[in-house]
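Survey of secondary and tertiary structure
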Amino acid sequence: MTQQEDPTPFESWDRPRQAWLLSGDCRGVRQRTLLLEMTTRALFPTVLVFSLYLLLVGHYGPGGGFAAGLVAGLAFVLRYIAGGSEDLGAVVRIRPPVLVGTGLAVALLVAVVPLAFGLPVLSSAKWALDVPLLGTIAVQTSLFLDVGVYLLIIGVVIDLLRSLGSGIERDMREEGEQA
Amino acid sequence: MSALLALPVLLPMLGAALTVLAGRSAALQRAIGIVTLTAVAVIAAVLLVNADAGGPIVAELGGWAPPVGIALVADRLSALLLLVSTLVTLAVLVYAIDQRIVDYGRGAASTTFHPMYLMLCAGVSLAYLTGDLFTLFVAFELMLTASYVLITRRTSAIRIRASMTYVTVSLMSSLLFLTAIAMVYAATGTVNLADIAGRIDTVPPGLRTVLGLMLLVVFGIKAAIVPLHFWLPDSYPNAPGPVAALFAGLLTKVSFYALLRTQTLLFSREEPWTLMLVLAVATMLVGALGALAQNDINRLLSFLLVSHIGFMLFGLAVFDAASVSGAALYAAHHITVLATLFLVSGLITRRTGTVALDQMGGLAKVSPALAALFAIPAMTLAGLPPTAGFVAKLALLQAGVAAGPWPTVVAGVVVVASLLTLYALVRVWVRVFWGEPKPPIPDDDPDDEVIVGTARTSVPMYTATAGLVAVSLAIAVFAGPLSEVTGRAGTDLLDGGPYRSAVLGAEGER
Amino acid sequence: MITINLAMALVVAVLYSVGFYLLLQRSLMRVLIGVVVLGHGTNLLLQLVGGPPGRAPIVGEVPAGALVADPLPQALALTAVVITFALTTFLLALGYRSFVLVGHDEVQDDVEDRRIASQEVPAGGLDDPADDLAPTSEGSDK
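Computed from a prediction, not measured in an experiment: that's the story for all the values here.

Moving on: the overall build of chain C. Check the secondary structure of chain C and you find five helices and zero strands. When the helices and strands of chain C are listed from N to C terminus, the series reads α-α-α-α-α. Split into buried and exposed, the 142 residues of chain C put 33% on the buried side. When contacts within chain C are restricted to residue pairs at least 6 apart in sequence, long-range pairs at least 24 apart make up 61% of them. When the accessible surface of chain C is summed, it comes to about 8400 Å², and 65% of that surface belongs to carbon and sulfur atoms.

Structure follows, in structure tokens:
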């Protein structure tokens with residue numbers, strides 16, 4: 001009895017752990033674009049990693065918290081376009097205001113901390129860390145400010161998608177049901 | 001001391017972030033808001049005392065010295081206005097919180113009201129404290145963006161029209177501001193105010209006039225100077241009561257402060273400024289006469305607000321130490337009294353259920369406390385003798401009469417405009433407080449956040465309003481020391497030397 | 001002598017004209033586009049002013065003979081872009097809200113203004129008849 005030996009049903013053992021953009025699972029009635037969905041699958045993590053790169057190099061190269069946040073936000077925009085609001089809701093479980101609040105609070109705390117050391121507001125310092133195998137890594141404390149901005153911008157973009165994107169979709173759906 | 005200087009900006013922002021995070025606990029949001037603003041008020045008081053004793057306080061953001069870095073500067077004028085503004089925002093917040101409790105119950109949290117309110121306060125603080133033209137733009141944007149959200153929250157179909165006018169006009173003036181900044185930078189190569197002041201003499205006089213006029217138009221729109229005032233009586237009356245009080249108390253005065261700062265620091269002149277005298281006359285008369293035609297109490301107050309901007313413009317137009325000091329004192333008094341009147345108007349409309357003056361009546365019998373709360377700020381605004389308005393107006397008039405024939409004529413217009421103000425307010429008094437009491441008009445849509453409510457007021461709302469009345473009375477009681485402070489502030493403003501050496505001297509020491 | 005790029009100056013002029021023209025429209029959607037265009041014009045102007053006048057606010061040594069762009073206007077423009085971005089989305093939301101509430105996104109007349117303008121006696125007596133509601137019809141044929 002193979003079925004008893006393998007209790008996991010056939011459909012679920014190779015089911016992707018992430019529940020987004022599933023091929024056999026059609027949420028909603030909207031039309032879907034296969035090509036866009038497949039591209040999004042590949043692009044979404046890539047763009048997120050690229051945004052992290054922008055965040056980290058921001059102090060010396062082009063990038064920084066704002067640019068990185070926008071790029072990460074664009075990844076979510078892509079998902080919204082490909083998968084619709086259901087897909088976005090499936091992956092973003094944190095409420096956007098929490099992201100916005102955390103980001104703003106982090107950025108401001110980083111700005112205020114130098115006061116405790118008798119330095120002007122928004123001062124930054126350079127930390128050099130000796131990491132085994134990687135060598136010396138220099139970190140500017142302004143990176144933490146950028147992290148705050150990064151979170152803030154992602155939160156704002158997701159909030160925009162929620163209110164202007166899926167919010168309008170929902171309104172239109174409700175209107176359609178009434179009419 | 002300079003460590004404290006960034007806190008009036010950063011604390012409200014941090015408070016805003018925390019209130020977003022505490023989006024589900026109304027009590028926590030309220031506590032954060034009140035604690036933050038109280039702290040800012042204390043810091044502002046400390047700054048005022050220190051700036052008065054030891055000259056302008058300068059903080060360099062990130063340790064970058066001006067003119068390269070951004071500097072925050074607190075001199076007597078900015079610290080005084082910051083203190084008064086924060087007291088007003090605190091009182092209005094208490095009022096707004098209590099109105100929310102009355103309307104929506106104790107547990108109603110909001111993810112927009114508290115954060116935006118605190119962001120607006122941060123913007124106001126930054127506008128007062130910044131020593132940099134571009135940061136001033138950012139401060140205005142912070143303040144205005146928060147105000148857009150506050151004025152469009154829970155909009156009804158009627159109110160969205162007013163919000164659209166407000167947002168569009170403000171946006172346009174902001175873009176003009178940015179253009180003016182670009183022009184200033186092209187001409188002088190810097191955006192630091194103190195540095196521009198040092199370099200503006202090398203700019204050709206024609207170009208300098210253009211720059212001065214551009215900044216005048218920008219701040220003229222934001223401060224509702226008469227040919228550019230039309231948006232104000234259109235939009236403020238449609239805002240919810242406390243929000244209207246906040247806007248009326250702060251936004252135009254912040255713009256006037258920016259006008260005063262830029263014109264005195266960058267475009268100093270030896271004699272009275274004729275164009276500004278004309279604008280002052282137009283603003284005073286159009287505002288006061290416009291107020292007489294109104295039947296809506298909030299619109300009437302908005303026109304009076306416009307009219308009294310003209311009084312401050314008069315102080316700026318005469319352009320000597322005494323008149324500028326009078327304008328500063330007038331601004332401090334105006335912030336409190338207009339916010340108070342709009343709060344009282346909020347109470348009146350909630351008691352009567354209407355904003356139409358001809359449908360009210362006999363409120364003095366129903367609520368003597370409300371009558372007293374209206375009478376004191378009304379007398380202050382009209383400038384009757386024992387009040388702060390009288391002290392400030394007297395300072396302006398004395399400075400005007402001493403300055404020459406034309407300023408004396410305009411001083412006569414000041415008196416006429418004061419009488420018109422008195423007449424408009426007496427009309428309000430007669431219609432609202434005298435006569436037979438009329439039953440309150442029920443709110444036809446209790447769910448929206450429209451200014452009128454059916455007799456739903458609470459004691460803390462009265463207390464907050466009374467607190468503001470007390471502030472305005474305190475301005476009258478301490479008029480002596482205050483006018484000494486503004487006198488020194490006026491001298492500093494026209495001299496410009498202490499400000500410049502405080503900002504740029506710090507560069508030399510490093 | 002300071003020179004500027006004439007083509008760029010013309011582009012700025014066109015952007016400003018188009019922006020202000022659109023700002024004067026009634027439809028909020030056009031106003032929104034006007035704000036965007038005007039914002040672009042302003043940002044372009046900010047970039048242009050980074051030209052020769054003034055010194056570049058760079059701390060430290062600039063290599064001799066090297067061409068260094070003035071970074072300050074770029075920082076200003078970046079900030080301005082962020083702010084314009086935020087306000088554009090806000091106007092978009094406001095326009096949508098107006099569309100939901102009113103059915104279109106056009107700025108309406110001020111009813112109270114019209115009423116006051118159509119009054120026979122400007123100041124009015126103390127015993128005016130109460131007529132503050134629904135004065136639209138008498139206002140529109142002013």
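So much for the structure itself; the text now carries on.
All names here are of chain B. One way to put it is that helix H3 (residues 26–54) packs onto helix H5 (residues 113–129) with a least axis distance of 10 Å and a crossing angle of 10 degrees. In terms of axis orientation, H3 runs roughly parallel to H5. Residues Gln29, Arg30, Gly33, Thr36 and Leu37 of H3 touch H5, and the partners they reach there are His114, Tyr117, Leu118 and Cys121.

Moving on to the confidence of the model for chain B. Residues and elements named next belong to chain B. The predicted model of chain B has a mean per-residue pLDDT of 87, with 96% of residues at 70 or higher. Of all secondary-structure elements in chain B, the lowest mean pLDDT belongs to helix H21 (residues 497–509), at 71, while H5 reaches the highest, 94. In the model, residues 506–510 has pLDDT below 50 throughout and makes eight contacts with residues more than four positions away in sequence or in other chains.

Compared with an ideal rise of 1.5 Å per residue, which puts 17 residues at 24 Å, H5 of chain B spans 24 Å between its outermost C-alpha atoms and is within 8% of the ideal. With 16 of its 17 residues buried, H5 of chain B lies for the most part within the structure.

For an interface, size is often stated in terms of accessible area lost upon the parts coming together. The interface of chain B with chain C comprises 47 residues on the first partner and 54 residues on the second. Looking at the side of chain B facing chain C, the largest losses of area belong to Met164, Leu175 and Tyr185 of chain B, adding up to 16% of the total buried there. Inspection of the region where chain B meets chain C yields zero salt bridges. The tally of links from chain B across to chain C stands at one residue pair in polar contact (both at pLDDT 80 or more). With 18 residues, helix H7 (residues 157–188) of chain B is the single largest residue contributor to the side of chain B that touches chain C. Taken together, the residues that form the side of chain B that touches chain C break down as 27 nonpolar, eleven polar and nine charged.

Below, the discussion takes up the side chain of threonine 19 of chain B. By secondary structure assignment, the location of threonine 19 of chain B is in helix H2 (residues 7–21). Here threonine 19 of chain B is in contact with Gln29, Ile32, His114, Pro115 and Leu118 of chain B, once residues within four sequence places are set aside.

In this section: the packing of aromatic side chains. Summed over the entire model, instances satisfying the criterion amount to 22 aromatic pairs over all chains. Summarising the aromatic geometry, the rings of phenylalanine 140 of chain B and phenylalanine 219 of chain B are spaced 5.8 Å apart at their centres and angled 35 degrees between planes, so their arrangement reads as tilted. Of this pair, phenylalanine 140 of chain B sits in helix H6 (residues 133–152) while phenylalanine 219 of chain B sits in helix H9 (residues 205–223); the two residues are 79 residues apart in sequence, bridging distant segments of the chain. Judged by centre distance (5.3 Å) and plane angle (35 degrees), the ring pair of phenylalanine 374 of chain B and phenylalanine 433 of chain B falls under tilted. Remark: phenylalanine 433 of chain B occurs in helix H18 (residues 405–433) and phenylalanine 374 of chain B occurs in helix H16 (residues 368–382); sequence separation between them is 59 residues. Summarising the burial analysis for this pair, phenylalanine 374 of chain B and phenylalanine 433 of chain B share the class buried. Note that arginine 79 of chain A overlies the ring of phenylalanine 44 of chain A, its terminal NZ or CZ placed 4.5 Å from the centroid. Taking NZ or CZ as reference, arginine 269 of chain B lies 4.2 Å from the ring centre of tryptophan 273 of chain B, over its face.

Among the six residues of strand S1 (residues 126–131) of chain A, zero are classified as buried, and the element is accordingly described as predominantly exposed. Turn length for the S1 of chain A-strand S2 (residues 135–140) of chain A hairpin, with the two strands adjacent in sequence and antiparallel, is three residues, and the turn residue leucine 133 of chain A shows positive phi of about 75 degrees.

Right, let's talk about the interface of chain A and chain C for a bit. Taken together, the contact pairs six residues of chain A with seven residues of chain C. A buried area of about 610 Å², summed over both sides, lies between chain A and chain C, and 86% of it is on carbon and sulfur atoms. Between chain A and chain C we count zero residue pairs in polar contact (both at pLDDT 80 or more) in total. Looking at the side of chain A that touches chain C, the elements that each hand over two or more residues are helix H4 (65–91) and helix H6 (142–178) of chain A. The biggest single contributor to the side of chain A that touches chain C is H6 of chain A, with four residues. Residue composition of the side of chain A that touches chain C, by class: five nonpolar, no polar and one charged.

On the surface, Leu129, Leu133, Leu134 and Ile137 of chain A cluster together into a nonpolar patch covering about 460 Å² of accessible area. With respect to the secondary-structure elements, leucine 134 of chain A resides in the loop between S1 and S2.

Attention now moves to the nonpolar core. Counting 227 residues, the largest nonpolar core has Tyr166, Phe177, Phe247 and Ile348 of chain B as the members making the most contacts within it. Those residues in contact with tyrosine 166 of chain B, other than ones at most four positions away along the chain, are Leu144, Ser147, Tyr148, Ile151, Trp231, Ser235, Tyr236, Phe247 and Leu251 of chain B. If you look at the next biggest cluster of nonpolar residues, it comprises 15 residues, including Phe44, Val47, Ile154 and Ile158 of chain A.

Residues and elements named next belong to chain B. Mapped onto the fold, proline 233 is located in helix H10 (residues 232–235). Taking relative accessible area as the criterion, proline 233 reaches 3% and is therefore assigned buried. Counting along the chain gives 57 residues from proline 233 to glycine 290, while the straight-line C-alpha distance between them is 9.5 Å. With sequence-adjacent residues up to four places away left out, proline 233 is seen in contact with Arg299, Ser302 and Phe303.

About the criteria used
- Residues numbered from 1 in each chain as written.
- Chains lettered and ligands numbered in written order.
- Predicted model: local features only at pLDDT ≥ 70, side-chain atom pairs only at ≥ 80, totals over all residues.
- Heavy atoms only, no water.
- Helix = DSSP H or I, 4+ residues; strand = E, 2+ residues; numbered from the N terminus.
- Buried < 20%, exposed > 50% of the residue type's maximum accessible area, 1.4 Å probe, protein only.
- Contact = heavy atoms within 4.5 Å.
- Areas by Shrake-Rupley, 256 points an atom, 1.4 Å probe, with all protein chains shown as cover.
- Axes fitted to C-alpha atoms, helices over the stretch in contact; angles between N-to-C directions.
- Parallel < 35°, antiparallel > 145°, perpendicular 65-115°, else oblique.
- pLDDT = per-residue confidence, 0-100.
- Expected span 1.5 Å × (residues − 1).
- Buried area = accessible area lost by both parts, 1.4 Å probe.
- Salt bridge = Lys/Arg side-chain N within 4 Å of Asp/Glu carboxyl O.
- Polar contact = N/O pair within 3.5 Å; in protein donor to acceptor, adjacent residues only side chain to side chain.
- Nonpolar A, V, L, I, M, F, W, Y, C, P; charged D, E, K, R; others polar.
- Phe/Tyr/Trp six-rings, centres within 6.5 Å; stacked < 30°, edge-to-face > 60°.
- Lys NZ or Arg CZ within 6 Å of the ring centre and 35° of its normal.
- Pairing = 2+ DSSP bridges.
- Patch = residues over 30% accessible without salt bridge, like charges linked within 9 Å, V, L, I, M, F, W, Y side chains within 5 Å.
- Core = buried A, V, L, I, M, F, W, Y, C linked by side-chain atoms within 4.5 Å.

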